[in-house]
Amino acid sequence: MNKPLANAELNEIVAGLKKLSRNLWWCWNQEAQDFFYELSPRGWQNMFHNAVAVLHEVSDQELRARLQDDRFAGRARTVLREFEAYMGEKKTWGHTNAPKLYKNPVAYFSAEFGWHESLPISAGGLGILAGDHTKSASDLGLGFVGIGLFYREGYFQQAIDSNNWQTEYYNPVDPHNIPIEPLLDADGKRLVCEVEIGLNVVSFQVWRVNVGRVPVYLLDTNLPQNESLYRDLTCRVYGGDSTTRIMQEILLGIGGVRLLRALGHAPSTFHMNEGHAAFLTLELIREKMAAGKTFDEAQALTKPECIFTTHTPVEAGHDRFTPELMNYALQRYLSNQLVPFNDILALGRVKPDDTHEPFCMTVLALKLCRAGNAVSELHGEVSRHMWQSLYNVPEKDVPIGHITNGIHLLGWMKGSVRQFWRRKLTDGQNNETQFFRDKFGADWSSVINNADFWHKMTDTEFVSDEELWALRYKLRRELIEFARRKLLLQSQRVTPGDFIRFDHLLNPDALTIGFARRFATYKRAPLIFQQFDNIVKLVRDKQRPVQFIFAGKAHPRDDDGKRFIQQIIHLSKHSELAGNLVFLENYDIHVARQMVSGCDIWLNNPRRPLEASGTSGMKASCHGCMGFSIMDGWWREGYDGTNGFSIGDDSHSPIVEEQDRVDSANLYRTLTEQVVPEFYNRDANGIPRAWLKRMRNSMATLVSQFTTDRMVKEYTNKYYQPK
Ligand SMILES: *Cc1c(COP(=O)(O)O)cnc(C)c1O
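Structure report, in brief. (Residues numbered from 1 in each chain as written. Predicted model: local features only at pLDDT ≥ 70, side-chain atom pairs only at ≥ 80, totals over all residues. Heavy atoms only, no water.)

**Things to note about the sheet that holds strand E18 (residues 601–604)**
Inference 1: With parallel pairing, six strands are arranged side by side in an open sheet as E17-E16-E15-E18-E19-E20. Edge positions in the open sheet fall to strand E17 (581–584) and strand E20 (645–647), since each of these has one partner strand only. With direction set aside, neighbouring strand axes in the sheet form an average angle of 20°.
Inference 2: Summarising the sheet, strand E16 (residues 546–551) and E17 pair through four bridges and their orientation is parallel. By the bridge assignment for E17, Ala551 is matched with Leu584.
Inference 3: The sheet strands contacting helix H22 (residues 465–490) are strand E15 (511–516), E16 and E17, and the helix crosses E17 at an angle near 70°. (Pairing = 2+ DSSP bridges. Helix = DSSP H or I, 4+ residues; strand = E, 2+ residues; numbered from the N terminus. Axes fitted to C-alpha atoms, helices over the stretch in contact; angles between N-to-C directions. Contact = heavy atoms within 4.5 Å.)

**A closer look at the nonpolar core**
Inference 1: Core analysis: the biggest nonpolar cluster contains 235 residues, and Leu67, Phe279, Trp421, Trp454 and Phe550 have the highest contact counts within it.
Inference 2: Apart from residues no more than four positions distant in its own chain, Phe279 is found in contact with Ile246, Glu249, Ile250, Gly253, Ile254, Met326, Leu330, Phe359, Met361 and Leu364. (Core = buried A, V, L, I, M, F, W, Y, C linked by side-chain atoms within 4.5 Å. Buried < 20%, exposed > 50% of the residue type's maximum accessible area, 1.4 Å probe, protein only.)

**Points about the site of the ligand**
Inference 1: Taken together, 14 residues form the shell around the ligand, and within it Trp412, Lys523, Thr615, Ser616 and Lys619 come nearest.
Inference 2: The separation between an oxygen atom of the ligand and a polar side-chain atom of Lys523 is 2.7 Å.
Inference 3: A distance of 2.6 Å separates an oxygen atom of the ligand from a polar atom in the side chain of Lys619.
Inference 4: Contact with the protein chains removes 93% of the 390 Å² of surface that the ligand exposes when unbound.
Inference 5: Taken together, the elements giving at least two residues each to the shell around the ligand come down to helix H8 (125–140), helix H26 (589–598) and helix H27 (616–621).
Inference 6: Residue classes in the shell around the ligand are distributed as five nonpolar, five polar and four charged.
Inference 7: Of the residues that make up the shell around the ligand, three or more belong to each of domain 2 (106–402) and domain 3 (471–692). (Near = heavy atom within 4 Å. Polar contact = N/O pair within 3.5 Å; in protein donor to acceptor, adjacent residues only side chain to side chain. Areas by Shrake-Rupley, 256 points an atom, 1.4 Å probe, with all protein chains shown as cover. Nonpolar A, V, L, I, M, F, W, Y, C, P; charged D, E, K, R; others polar. Domains from an automatic or database assignment.)

**So, the pairing of strand E7 (residues 200–211)**
Inference 1: Of all the twelve residues making up E7, nine are buried; the element is thus mostly covered by neighbouring parts of the structure.
Inference 2: Here strand E6 (residues 193–197) pairs with E7 via five bridges, running antiparallel. Looking across to E7, one finds that Val195 is bridged to Val202.
Inference 3: Bridging between E7 and strand E8 (residues 214–220) involves seven bridges; their strand directions are antiparallel. Counterpart to Val209 in the pairing with E8 is Val216.

Such coordinate-based values are descriptive only and should not be taken to indicate function.
Here you go:
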């Protein structure tokens, strides 16, 4: 019989749930998500799967009444117990391997963070990587704090107008309705710090994001005491012109250091995630000069404190500011200092004396870090070449190393897939599952990050072809149903008949190829349609149909990228591809998760070597979706001939037109000669054995290798705490 819950216990659960809702831990814990979903299924779906919003939607009265259901209360208790255990865990990897970081943590600065769709303050891969970095820092139990900006309008939402042209709109987020909380001082009042920007002193408040055990502080200038120019400084991700940009970066770098000091932190390492944060070095120099050091001494002392990760060889990714703009933006900041402005400018120049050379944030970061790194092996080579002129050494000795990017596995793994693997582990009766139970007990997140677990994927005893194929079918259907619903909502005029019409879009039996990422032109979204007539034939093949799902945003000022979107949407509506090619609007983390799990093939065709790493393909492997990619970025390290498909080889033409032509021919050839035949080569039971073998290899060799768990350990051993 259901025993009524005592008030004290009810209060405890309610308080626990409120606390839990403001910790992003739930976005990589399935039971927690299921619990909030069940509290309000529509609220969960409509409000970006956000636990805080669900608890606002459900009244206190309702919550208490619902918890009078034994089973439901039991689930809440289990989740809260797991959460408390996670937060209180003392025997972590960091405890054993990097204990010094507890006293002097790593301070990780990034202009964007992508953790979850309810907090849209990321423009793309860089932010997602930063988000995943902090999640793994938490899992590993590192001494780690993050610094970023709170953009109240976030990154833009994408809408497509009747000319198939991307338009942008902004949804202000309500800070009280998302998983963040105000940062208070010792007296319980809002903590407010100051930073000099332009001619003014600008105040900022701070939002704390609890990423499991890791705090990330987001700086926000939207305070009444600031002039409106400054109040809006943190309105949008990369919004406005270069004046806004430099001011945002002053806030991030200089304001971020001020905040850390206000909180009493003495970081052992300042990690600049991309050049946006490089002004932090000026503040570290200023601090030392205020304590009596000379400019040269202060520089020499700052350099050992900083490390820098560069993320792209694309020119536009490296901020450059004119001396005039630098002077305007840093005027007040530099006015009380003894450093001549020209000495500051020289720090951002390849040729310090060239007064025509703009100030480059990447150069500043490289000059003032003890170590710099790129994000894949090839990107390391490219970066050493790119910045050799900064150093008087042969290219191979340029001090830029590499750590290949990864993803936070549990955060990206779709719910149904987590359940699948978990069931395999808990229900399985064979020796294999016993092996993992003995090794890890109930600690399922360690199992899932473990290479031994993924190596088991080549073993048909552990998981059968039939099971894997059933899973693939399930995931493909989930994606197609998601796409149909989304396309219906996207369409401008819907008549009742459309509900049925949209339910016939896309074919749950067809080979499904996905492409989703920022529509930067170097990523060449429409490349595959250069072979238009051939692609039509593939799509029209009744026996072996192929279909395409595209998504992605172009930067608001990138008209070339918007033309790519226009072209693809036009094809999806008005060409022979209609019905078998769709474009999903408003690409974000949620759309990404549906696509990387449901597609059979993840297409990636950047202009080599411009894709420094790429991470979306890494999200695919654990779902049994295979890579089909140019040999650029991470794929060049991951692909071994048996675990996916390659487009071309480890080389590229220096002539862009030639490269496009060759790549498109190679893409089509591999698609028709390998991908399609293997997918449709079925045995008597309808199972594509060779395809599944390749898929097993992909899971066995890629999943545990390209995680932020591996990546953050490498950062720790190599850069945060070099042995
Ligand atoms: C993973 C991801 C990216 C990065 O994808 P790339 O393949 O590295 O370009 C961008 N945006 C979103 C929403 C993502 O989830």
